[in-house]
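Notes for the structure review
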Amino acid sequence: ILNYILHIKISNFNFKNHVIEYPYLNQVSSLEGFMFPDTYRFRFNTSPEKVFERLIQNFESKMWPIISARKDWYQSLILASYLEREVINFEDRQIVAGILLKRKQNGWPLQVDATIVYAKCGGAIKGCSDALLAKSDLSMASPYNTYQKLGFTPTPISNPGAAALEAAVSPKVSKYWYYLSAKETQETIFSKTLEEHNQNRAKYL
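A few points on the structure.

What counts as what
- Residue positions are given per chain, counted from 1 along the sequence in the order it is written.
- Since the coordinates come from a predicted model, pLDDT governs what is reported: local features require at least 70, and pairs of side-chain atoms require 80 or more to be given and counted, while whole-chain, interface and lining totals use all residues.
- Values shown for side chains rest on all heavy atoms present in the structure; no hydrogens or waters enter the calculation.
- Under the DSSP-based scheme used, a helix requires at least four consecutive residues in state H or I and a strand at least two consecutive residues in state E, with every element numbered from the N terminus.
- A simple rule labels every residue: compare its accessible area, found with a 1.4 Å probe on the protein chains alone, to the largest value its type can have, and call it buried under 20%, exposed over 50%, or partly exposed in between.
- Only four residue types enter the charge count: Lys and Arg as positive, Asp and Glu as negative, with His and the chain ends excluded.
- Lysine's charge is taken at NZ, arginine's at CZ, aspartate's at CG and glutamate's at CD.
- Pairs of N or O atoms within 3.5 Å make up the polar contacts considered here, provided that, within protein, one atom can donate a hydrogen while the other can accept it, and that residues adjacent in sequence are counted only when both atoms are side-chain atoms.
- By definition in these notes, contact holds between two residues if any of their heavy atoms fall within 4.5 Å.
- The way it works is a 1 Å grid over only the protein atoms, where trapped points that fit a 1.4 Å probe form a cavity and open points with protein on both sides within 12 Å along at least five of seven lines form a pocket, and then any residue with an atom within 4 Å of a point lines it.
- Grid points are joined across faces, edges and corners, and a volume is the space filled by probe spheres set on the points.
- Classification used: nonpolar for Ala, Val, Leu, Ile, Met, Phe, Trp, Tyr, Cys and Pro, charged for Asp, Glu, Lys and Arg, polar for all others including Gly.
- Stacked, edge-to-face and tilted are the three classes for Phe, Tyr and Trp ring pairs, Trp counted by its six-membered ring, which pair at centre distances within 6.5 Å; planes under 30 degrees apart are stacked, over 60 edge-to-face, the rest tilted.

**Regarding the overall build of the chain**
Secondary structure assignment for the chain yields eight helices and two strands. Starting at the N terminus and ending at the C terminus, the chain contains elements arranged as α-α-α-α-α-α-α-β-β-α. The 205 residues of the chain split such that 45% are buried. Charged side chains in the chain number 24 positive and 19 negative. The centres of these two groups are separated by 1 Å.

**Describing the side chain of Thr153**
Relative to the helices and strands, Thr153 resides in the loop between helix H6 (113-120) and helix H7 (162-168). Looking at Thr153, its side chain comes within polar contact range of the side chain of Tyr82, at 2.8 Å. Setting aside chain neighbours within four positions, we find Thr153 in contact with Ile78, Tyr82, Thr115, Pro143, Tyr144 and Thr146.

**Concerning empty space enclosed by the protein**
With a probe scaled to a water molecule rolled over the atoms, the places where space remains empty come into view. For the structure shown, the criterion picks out one cavity of 30 Å³ or more. The computed volume of the largest cavity comes to approximately 30 Å³. Lining the largest cavity are Leu31, Phe34, Met35, Phe52, Leu55 and Ile56. When its residues are assigned to classes, the lining of the largest cavity shows six nonpolar, no polar and no charged.

**Some remarks on the packing of aromatic side chains**
Scanning the model with the defined rule gives 17 aromatic pairs in all. Centre to centre, the rings of Tyr24 and Phe59 are 6.1 Å apart; their planes meet at 40°, and the pair counts as tilted. Here Tyr24, found in the loop between helix H1 (2-10) and helix H2 (48-62), pairs with Phe59, found in helix H2; they are 35 residues apart in sequence, far enough to count as distant. A residue is classified by how much of its surface remains accessible, and Tyr24, at 5% relative accessible area, is buried. For Phe59, a relative accessible area of 0% puts it in the buried group. Taking the centre distance of 4.3 Å and the plane angle of 25° together, the rings of Tyr24 and Trp64 count as stacked. Of this pair, Tyr24 sits in the loop between H1 and H2 while Trp64 sits in helix H3 (residues 64-67); the two residues are 40 residues apart in sequence, bridging distant segments of the chain. Ring-pair connections join several aromatic residues into one group, and the members of that group are Tyr24, Phe34, Phe59, Trp64, Trp73 and Tyr74.

Structure below.
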């Protein structure tokens, strides 16, 4: 129901009219990442204005306190959106956050599969018939292709929960450079080298 309401009510909503009340929105181009996943109940005829207010107030209550003091708060939100899509366990999310930040600092592409799926599906990952990633997708032209483009994507690729954001702002330093999610169990498998990673790909995917 929430996804339906957001599509109808928010897709064409001009949130820039509200930057006085929510000044941090002046720095962003999309509401992606700000629609905190929660249970919302609206009347069918609820105005876009009211839907927006409920969503952004919930974000301010549960998410903004975690990142408001950070100069790079929007990058933390973007990183959290990757963790929300790619990793389940909190401690694994912290390790993956550390891996992605280490890749970025060393000039590596982030290589986050979910960012390409986001681009392929026009943001609607759930219910997208084209959500499976093919090898040819890795060369697609898109600012969301983190195999081709260095750094973070222009916007978040999901609306992360508080746990993902907490992991994003508390990354763990590790010896790992690579990770994948096991096909059968969704367990996160970490690797120190590309050779080890390729072996894990053959074993777990």
